[in-house]
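Examination of the molecular architecture
So the chains spell out like this:
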Amino acid sequence: MDTHFVAVNKPAGLMVHRSHLVHRNTRFALQMVRDQVGCHVYPVHRLDKPTSGVLIFGLYPKAAGRLAQCFSERGVSKLYLAVVRGWTPESGIIEKPLAKYRDKKKRTSTIQPALTRFLRLGFIELPYAVSRYPTSRYSLILVRPETGRLHQIRRHLHHISHPVIGDQPHGDGRHNRFFAKTFGCSRLLLAAVRVVFDHPFTGAAITIDAPLDGRFCHVLNSFGWRAAASRHMVPPFFPLLT
């Protein structure tokens, strides 16, 4: 936190702010942060409800607007860790336009360009017949979205047949249930672990990291991926994704 911004590690399952789409939620990140810092805060960007990780708020409207502009102009680098079904390639680029959710009244939808890069950090084959195969394969990947479309990472990984574990609308229910039963993890295994940008007021290089929660770490430990996941903190990973 400084005089312009506050960053928090949003837990999975918490919405950023109140939404007409979800009426039953009574706790929101925005009001919780507001109560903690003692003043109004303003969202700079968003994270899906089931996604955990770095979330930044402005302490006043101009601050939020300046950094939000950096996000929209791709001046912010965002890194995510994800556990996905199957063995992904060692690295890849997913460039697939994505549609905004349809406006039912106007019966129209907008197609937006979207690009996601990923790097495989680890992979494993387990002796469990979760689907029609006698074994099950999974990968740990580092993901960098170049654009910020709704559910972009989840939709892009589903598009290449490597859905994120725990994803309800875009994932594979059989593997989601397997992780819940075997590893006690029913959350979406997608976390925003790092955000990097130049401070819009001071020009200072800012890096914000968010640790993984216990359920995510339990999966990584079970698969022997903890060391591989920690290497996302090492600067050389950034050139590999450019």
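What follows covers helix α5 (residues 214–223). Along α5, the residues that are buried comprise Phe216, Cys217, Val219, Leu220 and Phe223. Along the axis of α5, the buried positions cluster into a sector of 155 degrees, meaning they face one direction only. Of the surrounding elements, those touching the buried residues of α5 are β4 (77–85), β8 (115–126), β9 (136–145), α4 (173–183), β10 (190–198) and α6 (226–230). Its side-chain oxygen at 3.2 Å from the backbone nitrogen of arginine 215, aspartate 213 defines the N-terminal cap of α5. The first or second residue beyond α5 is glycine 224, which carries a positive phi of 70 degrees.

Before going further, it helps to examine helix α3 (residues 152–159). Taken across its eight residues, α3 has six buried, putting it largely inside the fold. Looking only at α3, the buried set comprises Gln152, Ile153, Arg154, Arg155, His156 and Leu157. Where the residues of α3 are buried, they touch β4, β5 (91–95), β6 (98–99), β8, β9 and β10. Directly after α3, the chain includes serine 161, whose backbone phi takes a positive value near 65 degrees.

One pass over the structure, following the stated rule, counts twelve salt bridges. Among the charged side chains, a network of salt bridges with common partners joins Arg46, Asp48, Arg154 and Asp167.

If you look at the biggest cluster of nonpolar residues, it comprises 28 residues, and the most contacted ones within it are Leu81, Val83, Tyr138, Leu140, Phe179 and Phe223. Residue assignment for this core shows that the elements contributing at least two residues are β4, β8, β9, α4, β10, α5 and α6. A per-element tally of this core places α5 first, with five residues. With near-sequence residues (within four places) excluded, phenylalanine 223 lies in contact with Ile124, Leu126, Tyr138, Phe179 and Phe183. Of all hydrophobic cores here, the second largest spans 23 residues; its members include Val6, Leu55, Ile153 and Leu157.

In this section: the packing of aromatic side chains. Ring pairs (aromatic) are described by centroid distance and by the angle formed between their planes. On inspection of all chains with the given rule, the structure shows 13 aromatic pairs. Each ring, one from phenylalanine 5 and one from phenylalanine 201, has its centre 6.2 Å from the other, and the planes form 40 degrees; the classification is tilted. Taken together, the residues span a long stretch of sequence, with phenylalanine 5 in strand β1 (residues 5–10) and phenylalanine 201 in the loop between β10 and β11 (205–209) at a distance of 196 residues. Taking the relative accessible area as the measure of exposure, phenylalanine 5 reaches 6% and is therefore buried. Through a chain of ring-to-ring contacts, three or more aromatic side chains come together here, namely Tyr128, Tyr138, Phe178, Phe179, Phe183, Phe223 and Trp225.

To continue, consider the confidence of the model for the chain. Mean pLDDT over the chain stands at 90; residues scoring 70 or higher make up 89%. Across residues 235–242 the pLDDT falls below 50, and counting only partners more than four positions away or on other chains, this stretch makes 20 contacts in the model.

Residues other than glycine seldom take positive phi values, yet histidine 151 does so here, at roughly 55 degrees. As for its position among the elements, histidine 151 is in the loop between β9 and α3. Here serine 161, not a glycine, exhibits a phi torsion of approximately 65 degrees, which is positive. Among the structural elements, serine 161 can be located in the loop between α3 and α4. In this structure serine 161 comes out as partly exposed when scored by relative accessible area, which is 44%.

Definitions and limits used
- Residues numbered from 1 in each chain as written.
- Predicted model: local features only at pLDDT ≥ 70, side-chain atom pairs only at ≥ 80, totals over all residues.
- Heavy atoms only, no water.
- Buried < 20%, exposed > 50% of the residue type's maximum accessible area, 1.4 Å probe, protein only.
- Helix = DSSP H or I, 4+ residues; strand = E, 2+ residues; numbered from the N terminus.
- Arc of directions from axis to C-beta.
- Contact = heavy atoms within 4.5 Å.
- Polar contact = N/O pair within 3.5 Å; in protein donor to acceptor, adjacent residues only side chain to side chain.
- Salt bridge = Lys/Arg side-chain N within 4 Å of Asp/Glu carboxyl O.
- Core = buried A, V, L, I, M, F, W, Y, C linked by side-chain atoms within 4.5 Å.
- Phe/Tyr/Trp six-rings, centres within 6.5 Å; stacked < 30°, edge-to-face > 60°.
- pLDDT = per-residue confidence, 0-100.

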